[in-house]
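Overview (structure and organization)
Residue-level listing of the chains:
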Amino acid sequence: MMEAYFSFSRFGSVLKTDLQNAWKNMGISFFLMSGSGALTYLFVLGLRWLAQWNELTLGGDARSFIFGVMMATLCIVTPSRCYGSVTELRAGRFFLLLPASVWEKSLSMILICSLILPVSACLVYFGLDSLLCRIDPSCGTPLLKLMGDEIWGIMSVIPYSLAFLLGAIFFKKSKIAKTIGCILLFYMVGGLLAGSFLGSIAITQVTPSSFSIELSWGNGFMTLLLVALIVRRVRTLQH
């Protein structure tokens, strides 16, 4: 009975196929994004050499900003690049005909968009960043060491990756723009509801630790909700 819903052999085949398609669809874009810190360093190095600006460096703050932009771009672009075609007639029919269950297809796309590609991009970015800091001491401390325990904050991008994945397989056109619109609408409505709720709570009752715990619970809830919506969308996908 379990085989009808999930089989490790079938899931492995689906994941392998999806990874090959992700490589085909992302390819150079992935390396441009994950190597954006090193590319920016080369640009700064060129300016330093041409204009003789020896004081021009790429410090930790600048590299952190570039990393944040890279992660945001990756989370926004990856889902529509890898799975946006499932809403098209030809690619969508091929996706439906894959010999795998809804759970296997859903888990494969969730892992690729929210874990495999973001983690791979982080490894490339941090690896190049550490190499640059070793070669050029003016860059300062490597970003991975600079972030310390805050590195786990990267996990907060998972709900956003899943939101853009849901938008990629739900909307047929303007996938990214419509998903951003839905996220903004969600925050507007959520902000109004949260404002009315917090209005009845004394501000002294809200501490940084309790707020952080509630935020973690909120992210966990949103992740589970988005996973459920993605599975439902894959199950009801028709052409």
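Here, the structure is the one placed above.
Everything in this summary refers to the structure shown in the same document. Note that the structure is a prediction, hence the values are computed from the model and not measured. (Residues numbered from 1 in each chain as written. Predicted model: local features only at pLDDT ≥ 70, side-chain atom pairs only at ≥ 80, totals over all residues. Heavy atoms only, no water.)

1. Examining a nonpolar patch on the surface
Together, Ile28, Leu32, Leu39, Leu42 and Leu45 give the surface a local cluster of nonpolar side chains, amounting to about 490 Å² of exposed area. Only helix 3 (28-34) and helix 4 (36-51) provide two or more residues apiece to the nonpolar patch. Considering every element that reaches the nonpolar patch, the biggest residue donor is helix 4, with three residues. Examined against the element boundaries, Leu39 turns out to sit in helix 4. When its relative accessible area of 43% is taken as the criterion, Leu39 is described as partly exposed. (Patch = residues over 30% accessible without salt bridge, like charges linked within 9 Å, V, L, I, M, F, W, Y side chains within 5 Å. Areas by Shrake-Rupley, 256 points an atom, 1.4 Å probe, with all protein chains shown as cover. Salt bridge = Lys/Arg side-chain N within 4 Å of Asp/Glu carboxyl O. Helix = DSSP H or I, 4+ residues; strand = E, 2+ residues; numbered from the N terminus. Buried < 20%, exposed > 50% of the residue type's maximum accessible area, 1.4 Å probe, protein only.)

2. Some thoughts on helix 5 (residues 60-83)
Spanning 24 residues, helix 5 covers 34 Å between terminal C-alpha atoms, matching the ideal 34 Å at 1.5 Å per step. A maximum bend of about 30° is found in helix 5 at Val77, where proline Pro79 lies one to four positions downstream. The complete set of buried residues in helix 5 reads Gly60, Arg63, Ile66, Phe67, Met70, Met71, Leu74, Cys75, Thr78, Pro79, Cys82 and Tyr83. Buried residues belonging to helix 5 abut helix 2 (8-26), helix 3, helix 4, helix 7 (102-135), helix 8 (143-147) and helix 9 (158-170). (Expected span 1.5 Å × (residues − 1). Bend = angle between axes of the 7 residues up to and from the residue. Contact = heavy atoms within 4.5 Å.)

3. Observations concerning the nonpolar core
In this structure, Phe67, Phe126, Ile154 and Ile230 are the most contacted members of the largest nonpolar core, which totals 51 residues. Elements represented by at least two residues in this core include exactly helix 2, helix 3, helix 4, helix 5, helix 7, helix 8, helix 9 and helix 11 (208-236). Excluding residues that lie within four positions of it along the chain, Ile230 makes contacts with Ser106, Met109, Ile110, Leu162, Leu165, Leu166 and Ile169. (Core = buried A, V, L, I, M, F, W, Y, C linked by side-chain atoms within 4.5 Å.)

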